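A closer look at the structure
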Number of protein chains: 2
Amino acid sequence: MAAIYTGEVANWFSRTPRRIEVPRLRSRSLESTTTKVELVELSPDLVSFLGRSAYVQLTIFEGLSRAMSTAPTTAAKTAIGRAAELSLGKHRTLVEELGRTGATPAAAMEQSTAAVDAFTIATRGGDWFETLITCYVTAGFLDDFFARLARGLEPAERGRRISAIFSSGSGASESKAGESGEAVLAALLTEAIERDPRLASRLAMWGRRLVGDTMLVARSALNFTENHKSDEARIEPVFTELIAAHTRRMDALGLTA
Amino acid sequence: MAAIYTGEVANWFSRTPRRIEVPRLRSRSLESTTTKVELVELSPDLVSFLGRSAYVQLTIFEGLSRAMSTAPTTAAKTAIGRAAELSLGKHRTLVEELGRTGATPAAAMEQSTAAVDAFTIATRGGDWFETLITCYVTAGFLDDFFARLARGLEPAERGRRISAIFSSGSGASESKAGESGEAVLAALLTEAIERDPRLASRLAMWGRRLVGDTMLVARSALNFTENHKSDEARIEPVFTELIAAHTRRMDALGLTA
């Protein structure tokens, strides 16, 4: 499945700055760049944005529920359950926003099923550890991406409200402040790697594979113009930051991105 | 799997009053019988109760997430997602109550995995419709049962708080008032039966199979005394009411219980 993407992934990696240049000590949140709105010109319309991101959230949840079903311990099931609950809360909140536009939520989501399902199949892990790191890496990257993209939506107040749905790993308005599904997954992965250090190289490799497919599915949400060169110039700094956040996420597990 | 239960199921059905005698127009909630505490003598200790009910809630969620993954439409996925989110909220709230007792939640749940996993295997549906009605019937019955059983816990204030977790299909303190996962599932099932009326007899038969296994797993949560006859006398009126609620649940789908 992933093989068909190879050409474009390679193209993407060639645009990526060398890892050594990535600033490491910045805040995990992308708030420091709130004023940069490089992606505004490429923002999809509101209904497409919400349909795509709500469907992505649904597939993130499905990955988490698969990780729950195959979890080796009851404690891990309960822990992943919290991440799954937060993810379902985001999905529901996005569907509520869709309903507010007057669109039919399911029809809006179905515009994205082909692209997103292909991504899901390409990133399905071979065992529990890979499934878990897929949830961690892809949800983290895509939440960052959609939070950023939402800031280009009009009116600005609505854009800010929608952007907040994705931030800090929670999104659901009912979640406890600062609670993060990402932290839950990082703790489980760190524990697994400590227990079996041989996992580290396998998961690092899987993580590198994931980021390519994740960038592609993120790109497919953008509304490209006729001016390819100008589009790429807008996208590049955003993806550089998203990749830096990804690198910090892998660092948190002690893995090389 | 179910065959090994046959003797006891038959015994249980013989204790069940004939359907015709079941009062039909009572409130769906069992609140009218709050003052009856037949099960107090048979209540398990707090940690066992919470461990069992938290693990049951986890398996209810797993059934719902399976129903989501195999749902025929995106609209159905979103709808079941809300029921799944409410179920995860109940699980989390029960685990928080377990933590408050000083017990290790996972260890408390693991006392129940053998009995509950056997039940889950016996009630796993063969297709999406059976999976969905399994969620509807077993979650409804077991929520009613645990809500009732919790009223026998000490101190009474804690019993009331825990009982409320199971009621009205929600339980999670963050859920909107009166919102019910059960209503979501009933709507999906009713729609499916309207679209294909041949489903009715198959799902009615599956529902009858489910109620036997569900009664058995409920019974297995009770703390029997030496006095078998007195135990059964306490249990019978409670199960009669639980079966009446089950009958109303099937009636709501236009199915004979």
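Residues numbered from 1 in each chain as written. Chains lettered and ligands numbered in written order. Predicted model: local features only at pLDDT ≥ 70, side-chain atom pairs only at ≥ 80, totals over all residues. Heavy atoms only, no water.

A few points about the overall build of chain A
Scanning chain A from terminus to terminus reveals 10 helices and zero strands. Start at the N end of chain A and walk to the C end: the helices and strands fall as α-α-α-α-α-α-α-α-α-α. Considering chain A as a whole, with its 257 residues, one finds that 57% of them fall into the buried category. (Helix = DSSP H or I, 4+ residues; strand = E, 2+ residues; numbered from the N terminus. Buried < 20%, exposed > 50% of the residue type's maximum accessible area, 1.4 Å probe, protein only.)

Digging into the packing of aromatic side chains
Going through the model one piece at a time under the given rule, you end up with 15 aromatic pairs over all chains. Relative to A:Phe146, the ring of A:Phe145 lies with its centre 5.3 Å away and its plane at 65 degrees, an arrangement referred to as edge-to-face. Judged by its relative accessible area of 0%, A:Phe145 is buried. Residue classification places A:Phe146 among the buried positions, given a relative accessible area of 2%. Between B:Phe49 and B:Phe146, the ring centres sit 5.7 Å apart and the planes meet at 80 degrees, which makes this aromatic pair edge-to-face. Pair noted here: B:Phe49 is in helix α2 (residues 46-69) and B:Phe146 is in helix α6 (residues 128-150), with a separation of 97 residues, a long-range link. As far as burial versus exposure is concerned, B:Phe49 and B:Phe146 are alike and both buried. Put simply, the rings of A:Phe49, A:Phe141, A:Phe145, A:Phe146, A:Phe166 and A:Phe239 pair up and form one aromatic cluster. (Phe/Tyr/Trp six-rings, centres within 6.5 Å; stacked < 30°, edge-to-face > 60°.)

A word on the interface of chain A and chain B
Between chain A and chain B, the residue contacts involve 27 residues of the former and 27 residues of the latter. Together, the buried faces of chain A and chain B total about 2,200 Å²; carbon and sulfur atoms form 60% of this surface. At the boundary of chain A and chain B, one finds four salt bridges. Of the charged contacts, one joins B:Lys77 and A:Glu62 as a salt bridge, the two residues approaching to 2.9 Å between their closest N and O atoms. (Contact = heavy atoms within 4.5 Å. Buried area = accessible area lost by both parts, 1.4 Å probe. Salt bridge = Lys/Arg side-chain N within 4 Å of Asp/Glu carboxyl O.)

Comments concerning the side chain of B:Ser65
Here B:Ser65 shows up in helix α2. Among the residues examined, B:Ser65 registers a relative accessible area of 3% and is labelled buried. Polar contacts involving the side chain of B:Ser65 include one to the main-chain carbonyl oxygen of B:Glu62, which spans 3.1 Å. When near neighbours in sequence (up to four residues on either side) are disregarded, B:Ser65 contacts A:Phe61 and A:Ser65. (Polar contact = N/O pair within 3.5 Å; in protein donor to acceptor, adjacent residues only side chain to side chain.)

Topic: the nonpolar core
Here is a general trend for soluble globular proteins: nonpolar side chains tend to be buried in one another's company. In terms of nonpolar packing, the biggest core is built from 142 residues, with A:Ile133, A:Phe145, A:Ile162, B:Ile133, B:Phe145 and B:Ile162 touching the most fellow members. Aside from chain neighbours lying at most four places away, what touches B:Ile162 is B:Leu46, B:Phe49, B:Leu50, B:Leu94, B:Glu97, B:Ala150 and B:Leu153. (Core = buried A, V, L, I, M, F, W, Y, C linked by side-chain atoms within 4.5 Å.)

Things to note about the relation of the copies chain A and chain B
Overlay of chain A on chain B (RMSD 0.0 Å): rotation 180 degrees, translation along the axis 0.0 Å. Here the copies are linked by what is in effect a two-fold axis. Most of the interface of chain A is mirrored in chain B, where 100% of its interface residues again form contacts. (Least-squares fit on C-alpha atoms with pLDDT ≥ 70 in both.)

Some thoughts on the packing of helix α5 (residues 113-122) of chain B against helix α9 (residues 199-219) of chain B
Two numbers describe a pair of packed helices, the interaxial angle and the distance between the axes. All names here are of chain B. Running from N to C, α5 and α9 point in directions that differ by 175 degrees, and their axes come no closer than 10 Å. With respect to their mutual orientation, α5 and α9 come out roughly antiparallel. For the pair α5 and α9, contact is made by Ala115, Val116, Phe119 and Ala122 and by Trp206, Arg209, Asp213, Thr214 and Val217, respectively. Grouping the amino acids of the contact of α5 with α9 by side-chain chemistry returns six nonpolar, one polar and two charged. (Axes fitted to C-alpha atoms, helices over the stretch in contact; angles between N-to-C directions. Parallel < 35°, antiparallel > 145°, perpendicular 65-115°, else oblique. Nonpolar A, V, L, I, M, F, W, Y, C, P; charged D, E, K, R; others polar.)

Overview of the packing of α9(B) against helix α10 (residues 228-251) of chain B
Residues and elements named next belong to chain B. It is at 12 Å that the axes of α9 and α10 come closest, and there the two elements cross at 150 degrees. With respect to their mutual orientation, α9 and α10 come out roughly antiparallel. The handedness of the crossing between α9 and α10 comes out as right-handed. Within the contact between the two elements, α9 uses Leu203, Ala204, Gly207, Val211, Met215, Ala218 and Arg219 and α10 uses Glu232, Ile235, Phe239, Ile243, His246 and Met250. Looking at the contact of α9 with α10 residue by residue, the class counts come to nine nonpolar, two polar and two charged. (Left-handed = near helix turned anticlockwise from the far one by under 90°.)

Observations concerning the confidence of the model for chain A
Residues and elements named next belong to chain A. For chain A, the mean per-residue pLDDT works out to 85, and 81% of the residues sit at or above 70. Within chain A, the element-level pLDDT minimum falls on helix α1 (residues 6-15), averaging 39, and the maximum on helix α4 (residues 105-110), averaging 97. Low pLDDT, under 50, characterises residues 1-29; the predicted model gives this stretch 46 contacts beyond four residues in sequence or across chains. Taken as a whole, residues 169-174 scores under 50 in pLDDT and shows 18 contacts with residues more than four places along the chain or in a different chain. Predicted complex, confidence summary: ipTM 0.79, pTM 0.82. (pLDDT = per-residue confidence, 0-100.)

Re the environment of B:Leu64
All names here are of chain B. The topology assignment puts Leu64 in helix α2. Along the chain, Leu64 and Gln111 lie 47 residues apart, while their C-alpha atoms are 23 Å from each other. Leaving out residues up to four positions away in the same chain, Leu64 has contacts with Ile80, Ala83, Ala84, Ser87, Cys135 and Leu185.

A look at helix α6 (residues 128-150) of chain A
All names here are of chain A. A rise of 1.5 Å per residue sets the reference length of α6, with its 23 residues, at 33 Å; its end C-alpha atoms lie 32 Å apart and thus fit the reference within 8%. For α6, a buried count of 22 out of 23 residues is recorded, marking the element as mostly surrounded by other parts of the structure. Its side-chain oxygen at 3.2 Å from the backbone nitrogen of Phe129, Asp127 defines the N-terminal cap of α6. (Expected span 1.5 Å × (residues − 1).)

Concerning the pattern of salt bridges
Two side chains of opposite charge can pair, provided their charged atoms sit close to one another. Residues and elements named next belong to chain A. In this structure the tally under the stated criterion is 34 salt bridges over all chains. Here Arg161 makes a salt bridge to Glu97, at a shortest N to O gap of 2.7 Å. Placement of the pair is Arg161 in helix α7 (residues 156-166) and Glu97 in helix α3 (residues 74-100), with a sequence separation of 64 residues. Overall, the relative accessible area of 3% leaves Glu97 in the buried class.

A few points about unusual backbone geometry
Here the bond from A:Glu154 into A:Pro155 is cis, since omega is -10 degrees, no more than 30 degrees from zero. By the secondary structure assignment, A:Pro155 is in the loop between α6 and α7.

Concerning the environment of B:Gly140
Residue and element names in this part refer to chain B. With respect to the element layout, Gly140 can be found in helix α6. When the C-alpha positions of Gly140 and Arg100 are compared, they lie 26 Å apart, and in sequence the two are 40 residues distant. The contacts of Gly140, once residues within four sequence positions are left out, are Cys135, Glu182 and Arg249.

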